[in-house]
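A look at the structure
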Amino acid sequence: MPRLSEVIAALDALWPPARAEEWDAVGTVCGDPDAEVSRVLFAVDPVQEIADEAVKLGADLLVTHHPLYLRGTTTVAASTFKGRVVHTLIKNDIALHVAHTNADTADPGVSDALAGALDLRITGPLVPDPTDPSGRRGLGRLCVLDHPETLREFAARAAARLPRTAQGIRVAGDPDAPIRTVAVSGGSGDSLFGRVRAAGVDAFLTADLRHHPVSEARETSPLALVDAAHWATEWPWCEQAAAQLDAVSERHGWGLRTHVSRTVTDPWTAHAPSEPSPISPSSL
């Protein structure tokens with residue numbers, strides 16, 4: 001079996017920490033470099049439920065997309081929920097490693113996995129990494145559909161192929177508008193509206209879209225917007241990442257066993273559809 005330091009070196013080769021944003025907190029949070037690793041669990045969020053799942057699974061390493069301590073801390077006391085996660089992992093000899101924005105812009109990265117889940121053909125990055133001579137790395141992906149479909153049909157495709165969440169899929173735009181080209185970006189994406197408009201695509205699928213940016217985007221262009229849950233747009237990366245580590249393990253003869261958590265850690269737990277009212281769109 002490989003040591004943790006060897007597995008971390010492989011993960012850092014897949015998602016180099018130097019390619020993370022300056023504000024990000026990626027890399028190994030806890031773990032003994034000399035400890036042996038045989039079982040690895042991939043998940044989006046390093047929350048207690050996932051830590052408990054790693055314990056139950058008998059994992060030696062937990063790899064998450066989201067950082068545990070994005071803004072730093074002065075304590076890992078178990079009286080805090082993040083400290084409790086750290087205590088749970090250390091007590092059970094489980095290491096924690098984070099690949100966040102360095103996985104977003106990788107080749108393949110988070111948005112490649114998102115496009116793959118939606119069965120979209122990728123033509124290139126939305127925001128190319130200027131340091132990549134191949135032009136494949138970068139934030140987001142530009143895609144084309146094999147056959148045009150309406151915005152309504154494309155939203156239904158997203159609802160059917162992404163993990164189910166309480167939010168589901170929200171749409172801004174004419175449901176009957178034809179969709180041929182799409183930009184996708186896993187996670188929060190309303191800061192990318194300028195890039196998306198410049199790309200000239202018909203629709204943009206991302207997460208965490210806010211009222212004012214969406215309102216302004218709809219007023220300034222015919223771009224259709226498709227808003228999924230943050231967790232749902234990033235979960236496909238876990239399967240992709242596990243497959244990447246499987247390939248590394250096979251090359252080195254490590255015999256690692258990788259697992260992908262199916263636990264839904266999206267924080268929204270229920271959805272109540274709006275009922276018709278005197279000011280609902282259906283009454284206008």
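In this text the structure is predicted, and so the values were computed from the model without any measurement.

**Describing the overall build of the protein**
- Scanning the protein from terminus to terminus reveals 9 helices and 11 strands.
- Its C-alpha radius of gyration of 20 Å places the protein within 12% of the 19 Å reference for a compact globule of 284 residues.
- The principal-axis extent of the C-alpha atoms belonging to the protein is close to 65 × 45 × 30 Å.
- When burial is assessed residue by residue, the protein has 49% of its 284 residues classed as buried.
- Of all intrachain contacts in the protein linking residues separated by at least 6 positions in sequence, the fraction that spans at least 24 positions is 65%.

**Quick word on the sheet that holds strand E2 (residues 39-43)**
- Pairing in this open sheet of 5 strands is mixed, and the strands run E1-E4-E3-E2-E11 from one edge to the other. A single partner strand is all that each edge strand has here, and the edge strands are strand E1 (27-30) and strand E11 (257-260). When the angles between neighbouring strand axes are averaged without regard to direction, this sheet yields 25 degrees.

**A look at the side chain of Asp-266**
- With respect to the helices and strands, Asp-266 occurs in the segment after E11.
- Although buried, Asp-266 forms no salt bridge, and the nearest oppositely charged side chain, Arg-170, lies 11 Å from it.
- Within the structure, Asp-266 has its side chain in polar contact with the backbone nitrogen of Trp-268 (distance 3.2 Å).
- Other than its neighbours up to four places away in sequence, Asp-266 contacts Thr-165, Ala-229, His-230 and Trp-231.

**Here we look at the pairing of strand E10 (residues 224-228)**
- Summarising burial for E10: 5 of the 5 residues are buried, a large majority.
- Across the two faces of E10 the burial is the same, with Ala-224, Val-226 and Ala-228 and Leu-225 and Asp-227 all buried.
- Of the pairings in the sheet, the one linking strand E7 (residues 170-172) to E10 comprises 3 bridges and is antiparallel in character. Within E10, the residue paired with Val-171 across the bridge is Val-226.
- In this sheet, E10 lies alongside strand E9 (residues 203-207) in parallel orientation, the contact comprising 5 bridges. Its bridge partner lying in E10, Leu-205 is registered against Val-226.

**Section: the sheet that holds strand E8 (residues 178-188)**
- Strand order in the open sheet formed by 6 strands is E5-E6-E8-E9-E10-E7, and the pairing between neighbours is mixed. Lying at the two open borders of the sheet, with one neighbouring strand each, are strand E5 (121-128) and E7. Averaged over all adjacent pairs, the angle separating strand axes in this sheet is 25 degrees, with direction ignored.
- Seen against the sheet, helix H5 (residues 110-117) touches E5, strand E6 (138-150), E8 and E9 and runs at an angle of roughly 135 degrees to E8.
- Sheet strands in contact with helix H6 (residues 151-161) are E6, E7, E8, E9 and E10, and its direction is about 120 degrees off that of E6.

**Digging into the packing of aromatic side chains**
- Taken as a whole and judged by the stated rule, the model has 2 aromatic pairs.
- Seen in terms of ring centroids, Phe-193 and Phe-204 are 6.1 Å apart; in terms of plane orientation they differ by 80 degrees. Their pairing is edge-to-face. Taken together, the residues Phe-193 in helix H7 (residues 193-199) and Phe-204 in strand E9 connect sequence positions 11 residues apart. Comparing Phe-193 with Phe-204, the two get one shared label, buried.

**Quick notes on the nonpolar core**
- Trp-15, Phe-42, Leu-61, Leu-120, Val-184 and Trp-237 are the most contacted members of the largest nonpolar core, which totals 49 residues.
- In terms of residue count, the dominant contributor to this core is helix H9 (residues 230-252) (9 residues).
- Those residues in contact with Trp-15 that sit more than four places away from it in its chain are Phe-42, Ala-99, Asn-102, Ala-103, Ala-106, Pro-108, Trp-237, Ala-241 and Gln-244.

**Remarks on H5**
- Taking burial as the measure, the 8 residues of H5 include 6 buried ones, the bulk of the element.
- Within the span of H5, buried status applies to Val-110, Ser-111, Asp-112, Ala-113, Leu-114 and Ala-115.
- If you follow the buried residues of H5, they end up packed against helix H4 (101-104), E5, E6, E8, E9 and H9.
- Note on H5: the residue one or two positions beyond its end, Asp-119, has a positive phi of about 60 degrees.

**Some words on the pattern of salt bridges**
- Counted by the stated rule, this structure contains 11 salt bridges.
- A salt bridge links Asp-119 to Arg-161, with the shortest nitrogen-to-oxygen separation between them at 3.7 Å. On the criterion of sequence distance, the pair formed by Asp-119 in the loop between H5 and E5 and Arg-161 in helix H6 is long-range, its members being 42 residues apart.
- You can call Arg-161 partly exposed: its relative accessible area is 41%.
- Between Glu-149 and Arg-157 there is a salt bridge whose closest N-O contact spans 3.0 Å. Grouping residues by exposure puts Glu-149 and Arg-157 together as buried.

What counts as what
Residues numbered from 1 in each chain as written. Predicted model: local features only at pLDDT ≥ 70, side-chain atom pairs only at ≥ 80, totals over all residues. Heavy atoms only, no water. Helix = DSSP H or I, 4+ residues; strand = E, 2+ residues; numbered from the N terminus. Rg over C-alpha atoms; globule rule 2.2 N^0.38 Å. Buried < 20%, exposed > 50% of the residue type's maximum accessible area, 1.4 Å probe, protein only. Contact = heavy atoms within 4.5 Å. Pairing = 2+ DSSP bridges. Axes fitted to C-alpha atoms, helices over the stretch in contact; angles between N-to-C directions. Lys, Arg positive; Asp, Glu negative; His and termini not counted. Salt bridge = Lys/Arg side-chain N within 4 Å of Asp/Glu carboxyl O. Polar contact = N/O pair within 3.5 Å; in protein donor to acceptor, adjacent residues only side chain to side chain. Phe/Tyr/Trp six-rings, centres within 6.5 Å; stacked < 30°, edge-to-face > 60°. Core = buried A, V, L, I, M, F, W, Y, C linked by side-chain atoms within 4.5 Å.

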